[in-house]
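Chain and residue survey
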Amino acid sequence: MVVNNTTTLDKDKAFNILFKSAKNSTITKFIFASVMILLGTPLFILGLITNESLYVTCGVLFLSFGVAYLIINIVNIIKLPKKIKNNNQEICENGITYYYKFKEQSINVECKTQTRTAKEVFNYKQLKRIFEYNDYYELRLENYEILYVYKTGFENKKMIEFFIKNLSINKKKIKNKIKN
């Protein structure tokens, strides 16, 4: 069964979604920096204890790269809001409307702003996680994209049931984040 949904995001919500998506992709870079620091610290300490200059040098190199990469990531996150506003000016000023068509094996998405229209097709296999909140569903894709599907965008409650059925057919589970 095909289920349609229309989700309109105002400029503030659209900006928050773009920021959250970009921030999530940046977090993996922090993990890499942390690993570099965690590898460098024991090497450096071991080199000092055993008086081995090779261990000290390797430890300092790992620590230096890790700290430098960490600083670069912090600066990037600080600059992220400005970068998002510059790269997505129309969306951040006017908002965006998503027209979803949930089919049994795929999700068709049409994104419309005042001047542009873009279409994408996603396979359910590309869905990494699905969260249900009070007013919307959050579909997280493998490439750090996030799709917001408002419950009010469905024609009726029966369509929500079909949406959930399409997810279960494709072995996707919804994690409940509803707050009472």
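Up top you'll find the structure we're talking about.
Every value quoted in this text rests on a predicted model; they were computed, and no experiment measured them.

1. With respect to the side chain of N166
- One can find N166 in helix α4 (residues 157-169).
- Of note is the side chain of N166, whose polar atom sits 3.5 Å from the backbone oxygen of F102.
- In contact with N166, other than residues within four places in its own chain, are M1, V3, F102, K103, E104 and Y124.

2. A word on the sheet that holds strand β2 (residues 96-102)
- In space, the four strands of this open sheet follow the order β1-β2-β3-β4, with antiparallel pairing throughout. Across the chains shown, the open sheet's two edge strands, defined by having one partner strand only, are β1 (3-9) and β4 (117-123). Strand-to-strand, the axes of this sheet are offset by a mean angle of 15 degrees, without reference to chain direction.
- Sheet topology note: the β1/β2 ladder contains seven bridges and is antiparallel. Bridge assignment links T8 to a residue of β2, and that residue is T97.

3. Let's talk about the environment of K23
- Checked against the element boundaries, K23 lands in helix α1 (residues 11-50).
- Assessed through its relative accessible area of 32%, K23 is described here as partly exposed.
- For the pair K23 and E155, spaced 132 residues apart in sequence, the C-alpha to C-alpha distance is 33 Å.
- Excluding residues that lie within four positions of it along the chain, K23 makes contacts with I77 and L80.

4. Focus: the environment of C92
- Examined against the element boundaries, C92 turns out to sit in helix α3 (residues 89-94).
- Taking the relative accessible area as the measure of exposure, C92 reaches 14% and is therefore buried.
- Taking the C-alpha atoms as reference points, C92 and G47, 45 residues apart in sequence, are found 52 Å from one another.
- Excluding anything up to four places from it in sequence, C92 contacts K11, F15, L18, I84 and K85.

5. Some remarks on the packing of α1 against helix α2 (residues 53-87)
- Orientation of α1 relative to α2, taken along the N-to-C sense of each, is 165 degrees, at an axis distance of 6 Å. Judged on the interaxial angle alone, α2 and α1 are roughly antiparallel. With respect to the hand of their crossing, α1 and α2 are arranged in left-handed fashion.

6. Remarks on α1
- For α1, with 40 residues, the first-to-last C-alpha span of 59 Å sits near the 58 Å given by 1.5 Å per residue.
- Residues A14, F15, I17, S21, A22, T26, F30, A33, M36, G40 and G47 constitute the buried set of α1.
- Buried residues along α1 sit against β1, α2, α3, β2 and β7 (146-150).
- Following α1 by one or two positions, N51 has its phi on the positive side, about 60 degrees.

7. What about α4?
- If you check α4, its first and last C-alpha atoms are 18 Å apart, about what 13 residues at 1.5 Å a residue would give, namely 18 Å.
- Along α4, the residues classified as buried are M159, I160, F163, N166 and L167. Across the axial projection of α4, the buried residues extend over an arc of 115 degrees, all falling on one side.
- Those residues of α4 that are buried are in contact with β1, β2, β5 (127-132), β6 (136-141) and β8 (174-176).

8. Observations regarding the nonpolar core
- The biggest cluster of nonpolar side chains holds 32 residues, and the ones touching the most others in it are F102 and F154.
- Only β1, α1, β2, β3 (106-112), β5, β6, β7 and α4 provide two or more residues apiece to this core.
- It is β7 that provides the largest number of residues to this core, a total of five residues.
- Not counting residues up to four positions away in its chain, the partners in contact with F154 are V3, N4, N5, F102, Y137, V149, M159, I160 and F163.

The rules we used
- Residues numbered from 1 in each chain as written.
- Predicted model: local features only at pLDDT ≥ 70, side-chain atom pairs only at ≥ 80, totals over all residues.
- Heavy atoms only, no water.
- Helix = DSSP H or I, 4+ residues; strand = E, 2+ residues; numbered from the N terminus.
- Polar contact = N/O pair within 3.5 Å; in protein donor to acceptor, adjacent residues only side chain to side chain.
- Contact = heavy atoms within 4.5 Å.
- Pairing = 2+ DSSP bridges.
- Axes fitted to C-alpha atoms, helices over the stretch in contact; angles between N-to-C directions.
- Buried < 20%, exposed > 50% of the residue type's maximum accessible area, 1.4 Å probe, protein only.
- Parallel < 35°, antiparallel > 145°, perpendicular 65-115°, else oblique.
- Left-handed = near helix turned anticlockwise from the far one by under 90°.
- Expected span 1.5 Å × (residues − 1).
- Arc of directions from axis to C-beta.
- Core = buried A, V, L, I, M, F, W, Y, C linked by side-chain atoms within 4.5 Å.

By themselves, these observations are geometric and do not establish any function.
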